[in-house]
Amino acid sequence: MNMKKMMLALVALFTMSVAAMAQNDNGQRRMDPKEMAKAQADRMADRYGLNDEQAAKVEALNVEFAGKLRPQGGPRRGGGQRPQGPRPEAGNGQHVDGQTGATAPNREEMEARRKEMQANQEAYREGLKAIMTEEQFAKYEEDMKRMQEQRGRRGGQRRGPRGE
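Residues numbered from 1 in each chain as written. Predicted model: local features only at pLDDT ≥ 70, side-chain atom pairs only at ≥ 80, totals over all residues. Heavy atoms only, no water.

## Observations concerning the overall build of the protein chain
Thought 1: Of the regular secondary structure elements, the protein chain holds five helices and zero strands.
Thought 2: When the elements of the protein chain are put in sequence order from the N terminus, they spell out α-α-α-α-α.
Thought 3: Put simply, the protein chain has 164 residues, and 15% of those count as buried.
Thought 4: In the protein chain, the proportion of contacts linking residues at least 24 apart, taken out of those at least 6 apart, comes to 49%.
Thought 5: Total accessible area on the protein chain is roughly 13600 Å²; 52% of this is exposed by carbon and sulfur atoms. (Helix = DSSP H or I, 4+ residues; strand = E, 2+ residues; numbered from the N terminus. Buried < 20%, exposed > 50% of the residue type's maximum accessible area, 1.4 Å probe, protein only. Contact = heavy atoms within 4.5 Å. Areas by Shrake-Rupley, 256 points an atom, 1.4 Å probe, with all protein chains shown as cover.)

## A closer look at the pattern of salt bridges
Thought 1: Under the criterion given, the structure shown has nine salt bridges.
Thought 2: We note a salt bridge from R125 to E122, for which the minimum N-O separation is 3.1 Å. Here the residue R125 and the residue E122 both occupy positions in helix α4 (residues 107-131), the gap between them amounting to three residues, near one helical turn.
Thought 3: The exposure class assigned to E122 is partly exposed, which follows from its relative accessible area of 39%.
Thought 4: Between E142 and R146 there is a salt bridge, with its nearest N and O atoms 3.1 Å apart. Separated by four residues within a single helix, E142 and R146 lie in helix α5 (residues 134-155), roughly one turn from each other.
Thought 5: Through salt bridges with shared partners, a single ionic network connects R47, E142, D143 and R146. (Salt bridge = Lys/Arg side-chain N within 4 Å of Asp/Glu carboxyl O.)

## Structural notes on the packing of helix α2 (residues 33-48) against helix α3 (residues 52-64)
Thought 1: Two elements in contact, α2 and α3, have axes whose closest approach is 8 Å; the angle formed by their N-to-C orientations is 140°. In terms of their interaxial angle, α2 and α3 are classed as oblique. Remark: the crossing between α2 and α3 carries right-handed chirality. Contacts between α2 and α3 involve K34, A37, K38, Q40, A41, M44 and A45 from the former and A55, V58, E59, N62 and V63 from the latter.
Thought 2: Each residue belonging to the contact of α2 with α3 can be placed in one class, and the counts come to seven nonpolar, two polar and three charged. (Axes fitted to C-alpha atoms, helices over the stretch in contact; angles between N-to-C directions. Parallel < 35°, antiparallel > 145°, perpendicular 65-115°, else oblique. Left-handed = near helix turned anticlockwise from the far one by under 90°. Nonpolar A, V, L, I, M, F, W, Y, C, P; charged D, E, K, R; others polar.)

## Regarding the confidence of the model for the protein chain
Thought 1: Mean pLDDT for the protein chain: 74, with 55% of residues reaching 70 or above.
Thought 2: The weakest mean pLDDT in the protein chain belongs to helix α1 (residues 2-21) at 60; the strongest belongs to α3 at 93.
Thought 3: Note on residues 73-82: pLDDT under 50 across the span, and five contacts to partners over four residues away in sequence or across chains. (pLDDT = per-residue confidence, 0-100.)

## Focus: the nonpolar core
Thought 1: M44, L50, V58, Y124, L128, M132 and Y140 are the most contacted members of the largest nonpolar core, which has 15 residues in total.
Thought 2: When residues of this core are traced back to their parent elements, those giving at least two are α2, α3, α4 and α5.
Thought 3: At four residues, the largest contribution of residues to this core is made by α2.
Thought 4: If we ignore the near neighbours within four places in the chain, the residues touching L128 are M44, V58, L61, F137 and Y140. (Core = buried A, V, L, I, M, F, W, Y, C linked by side-chain atoms within 4.5 Å.)

## Here we look at the side chain of Q54
Thought 1: Within the secondary structure, Q54 sits in helix α3.
Thought 2: Using a relative accessible area of 10% as the deciding quantity, one classes Q54 as buried.
Thought 3: Separated by 3.1 Å, the side chain of Q54 and the backbone oxygen of I131 make a polar contact.
Thought 4: Here Q54 is in contact with G49, I131, M132, T133 and Q136, once residues within four sequence places are set aside. (Polar contact = N/O pair within 3.5 Å; in protein donor to acceptor, adjacent residues only side chain to side chain.)

## Quick look at the packing of aromatic side chains
Thought 1: Counted according to the given criterion, the structure contains three aromatic pairs.
Thought 2: In textbook terms, an aromatic cluster arises when at least three aromatic residues are bridged by ring pairs, as seen for Y48, F137 and Y140. (Phe/Tyr/Trp six-rings, centres within 6.5 Å; stacked < 30°, edge-to-face > 60°.)

Quick look at the structure:
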């Protein structure tokens, strides 16, 4: 009887550890960039009516631009709460992240990152334009415009006082 309990406990522990390893900090499953590129290409193929050749090219484009189209590092928007009070400084006028200890980028670095991201987005867009038909690309552009408008409407809204 005691051996059964120990085995059950080990199985439960193993199951929990496997589940924990398959999740990132936000409780979501981590995906390999190639898996993400394939999944995105499949969604785009369904949404825009891409043929197999187009879908393969879009997947390759997605792999090429994996990690280049979104800012890297730190939690995504809404991922955590900022501690209350003044932000600590690194001594050179830059602020320090209270959780990681990393210094925040200054305005010039942020502007350089923004420009690089915009250039990557434009290159990705041009890549899609070369792969898709005019009708498919027009539908893609329409979807992107709608998403930006939705983000803009949500961006100014706050859900409550800071810290809640």
